[in-house]
Amino acid sequence: MMAAPGNKPQNLIATLRELLAYMGRHKLLFLAVALLVSVSAIANLLGTYMIRPVVDSLAGGAYADFVAGIIATALIYAAGVVAAFAYTQVMVHAAQKVLVDIRRDLFAHLQKLPLSYFDTHNRGDIMSYFTNDVDTVTQTLNQSMTQIVTSVTQFIGVL
């Protein structure tokens with residue numbers, strides 16, 4: 001069922017289901033990532049929202065409210081930065097665990113193949129699956145999942 005490099009999988013639904021199964025083995029890590037990404041996106045939205053009250057307090061001459069607003073905005077953005085740092089670290093850890101699982105299963109499958117398979121396929125193609133293709137899946141996990149959760153959270157927050 002593996003597609004040639006650059007081609008689409010023969011059965012996209014089955015491929016996605018299998019990837020989700022690998023991710024499901026580490027669902028607590030991915031849940032933590034989703035939570036931290038949501039906190040980061042919400043902090044970004046709240047920080048942007050806080051600009052209006054800060055400017056209004058400055059224009060109204062309420063300097064105590066202005067300072068309190070600046071401090072609150074800084075704390076909100078700081079919480080967002082900490083959450084962003086945490087989710088990148090947890091996401092890298094989770095993606096590496098998925099990568100190890102995929103490579104372990106690929107190696108186990110490779111051990112079961114008959115010798116005729118290796119006679120008819122180039123070693124370079126086989127090694128490409130183990131390195132480039134699996135690393136591409138890991139990079140996609142690192143980048144896409146966090147972007148999807150951030151986009152959904154920001155969309156809901158803007159509405």
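Computed from a predicted structure; not experimentally measured.

Closest axis-to-axis distance for the helix α2 (residues 27-49)/helix α4 (residues 63-112) pair is 8 Å, and the angle between their directions is 155°. If you check the angle between α2 and α4, you find them roughly antiparallel. Two packed elements cross with a definite hand, and for α2 against α4 that hand is left-handed.

Attention shifts here to α2. For α2, spanning 23 residues, the distance from its first C-alpha to its last is 32 Å, which sits close to the expected 33 Å at 1.5 Å a residue. Those residues of α2 that fall on the buried side of the exposure criterion are Phe-30, Val-33, Val-37, Ser-38, Ser-40, Ala-41, Ala-43 and Gly-47. Of the surrounding elements, those touching the buried residues of α2 are α1 (12-24), α3 (51-59), α4 and α6 (123-158).

Within the secondary structure, Ser-116 sits in helix α5 (residues 115-120). Once the C-alpha coordinates of Ser-116 and Ala-34 are considered, the two residues, 82 residues apart in sequence, prove to be 45 Å apart.

Scoring rules and cut-offs
- Residues numbered from 1 in each chain as written.
- Predicted model: local features only at pLDDT ≥ 70, side-chain atom pairs only at ≥ 80, totals over all residues.
- Heavy atoms only, no water.
- Axes fitted to C-alpha atoms, helices over the stretch in contact; angles between N-to-C directions.
- Helix = DSSP H or I, 4+ residues; strand = E, 2+ residues; numbered from the N terminus.
- Parallel < 35°, antiparallel > 145°, perpendicular 65-115°, else oblique.
- Left-handed = near helix turned anticlockwise from the far one by under 90°.
- Expected span 1.5 Å × (residues − 1).
- Buried < 20%, exposed > 50% of the residue type's maximum accessible area, 1.4 Å probe, protein only.
- Contact = heavy atoms within 4.5 Å.

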